[in-house]
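# Chain and residue survey
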Amino acid sequence: DLGVAKASLAYQKAEVAGSDRKYTILNVSAPLGGITLAGSYAKYDAATGDYNMTQIGLVKALSKRTNIIGMYKSTDPDAGSSANMTSVSIAHSF
């Protein structure tokens, strides 16, 4: 917790089907008025190829337990073509 903003860093190393895979993920979020701006950067290293993923999104509370979320994600593999995705979703906590 950085006061107003929140950040987290995760690292994982796993062996899957005889090959090492490494994951590094950085997440940051900060409230901006009535919305929360969130972003993340992830780096995946695997025997089948490495790639980077960047995400940015906005979260708006519709009620105490319901949020609407807009997200943009870009994936950039070392080999192959990049992929981009935009999504809008509603999340409700029960």
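Notes on the structure in this doc start here. Here the residue index of a chain counts from 1 through its sequence in written order. Under the rules for a predicted model, residues below a pLDDT of 70 receive no local features and side-chain atom pairs below 80 are neither given nor counted, while totals for whole chains, interfaces and linings still include all residues. Each side-chain value is derived from all of the structure's non-hydrogen atoms; neither hydrogens nor water enter the calculation.

## Brief notes about the overall build of the protein
In this description a helix means any DSSP run of H or I spanning at least four residues, a strand means any run of E spanning at least two, and both kinds are numbered starting from the N terminus. Within the protein, the regular secondary structure consists of zero helices and six strands. Secondary structure of the protein in N-to-C order comes out as β-β-β-β-β-β. To get the radius of gyration, use the C-alpha atoms; to get the globule rule, take the number of residues to the power 0.38 and multiply by 2.2 Å. The C-alpha atoms of the protein give a radius of gyration of 16 Å, which is well past the 12 Å a tight globule of 94 residues would have. On the principal axes, the C-alpha backbone points of the protein span a range of 45 × 30 × 25 Å. Each residue is assigned to one of three classes by its accessible area relative to the maximum for its type, calculated with a 1.4 Å probe on protein chains only: buried under 20%, partly exposed between the two thresholds, exposed over 50%. Going through the 94 residues of the protein one by one, you find that 12% of them count as buried. Residue-level accessible areas treat just the shown protein chains as cover; the underlying method is Shrake-Rupley with a 1.4 Å probe. Summed over its atoms, the accessible surface of the protein is roughly 6,600 Å², and 58% of this surface lies on carbon and sulfur atoms. Neither His nor the chain ends is counted toward charge; the positive residues are Lys and Arg and the negative residues Asp and Glu. Charged groups are reduced to one reference atom each: NZ for lysine, CZ for arginine, CG for aspartic acid, CD for glutamic acid. In the protein, which carries 9 positive and 7 negative side-chain charges, the distance between the mean positions of the two groups comes to 15 Å.

## Here's the deal with the pattern of salt bridges
Opposite charge on two side chains permits pairing when their charged atoms draw close. What makes a salt bridge here is a side-chain nitrogen of Lys or Arg within 4 Å of a carboxyl oxygen of Asp or Glu, nothing more. Under the defined criterion, the tally for this structure stands at one salt bridge. Notably, a salt bridge pairs Lys 43 with Asp 45, separated by 3.6 Å at the nearest N-O pair. The class of Asp 45 is partly exposed, set by a relative accessible area of 25%.

## Examining the pairing of strand β2 (residues 19-32)
Think of it this way: DSSP has to see at least two bridges between two strands before they count as a pair. In this sheet, β2 lies alongside strand β1 (residues 6-16) in antiparallel orientation, the contact comprising 11 bridges. Across the sheet, residue Glu 15 finds its bridge partner in β2, namely Asp 20. Counting the residues in the hairpin turn of β1 and β2 gives two residues, including Ala 17, whose phi is positive at 50°. Here β2 pairs with strand β3 (residues 35-45) via 11 bridges, running antiparallel.

## Let's talk about the environment of Ala 30
By the secondary structure assignment, Ala 30 is in strand β2. In sequence terms Ala 30 and Ser 93 are 63 residues apart; their C-alpha atoms lie 21 Å from each other. Contacts between residues were defined by any pair of non-hydrogen atoms, one from each residue, lying within 4.5 Å. Excluding residues that lie within four positions of it along the chain, Ala 30 makes contacts with Val 4, Ala 5, Ile 35, Thr 36 and Leu 37.

## Some details on the packing of aromatic side chains
Note on aromatic pairs: the rings of Phe, Tyr and Trp (six-membered ring only in Trp) are paired at centre separations within 6.5 Å, and the planes decide the class, stacked below 30 degrees, edge-to-face beyond 60, tilted for the rest. The final tally for this structure, using the stated rule, is two aromatic pairs. An angle of 75° between the planes, with centres 5.2 Å apart, marks the rings of Tyr 23 and Tyr 44 as edge-to-face. Separated by 21 residues along the polypeptide, Tyr 23 in strand β2 and Tyr 44 in strand β3 bring together distant segments of the chain. According to the relative accessible area criterion, Tyr 23 is partly exposed, its value standing at 22%. Residue Tyr 44 is classed as buried on the basis of its relative accessible area of 16%. Among the aromatic residues, ring-to-ring pairing joins Tyr 23, Tyr 44 and Tyr 51 into one connected group.

## Remarks on a nonpolar patch on the surface
The patch calculation keeps residues exceeding 30% relative accessible area without a salt bridge and links them within 9 Å when they carry like charges or within 5 Å when they are nonpolar (Val, Leu, Ile, Met, Phe, Trp, Tyr). A contiguous nonpolar surface patch, about 370 Å² in accessible area, is contributed by Leu 9, Leu 26, Val 28 and Tyr 41. When you line up the elements, Leu 26 lands in strand β2.

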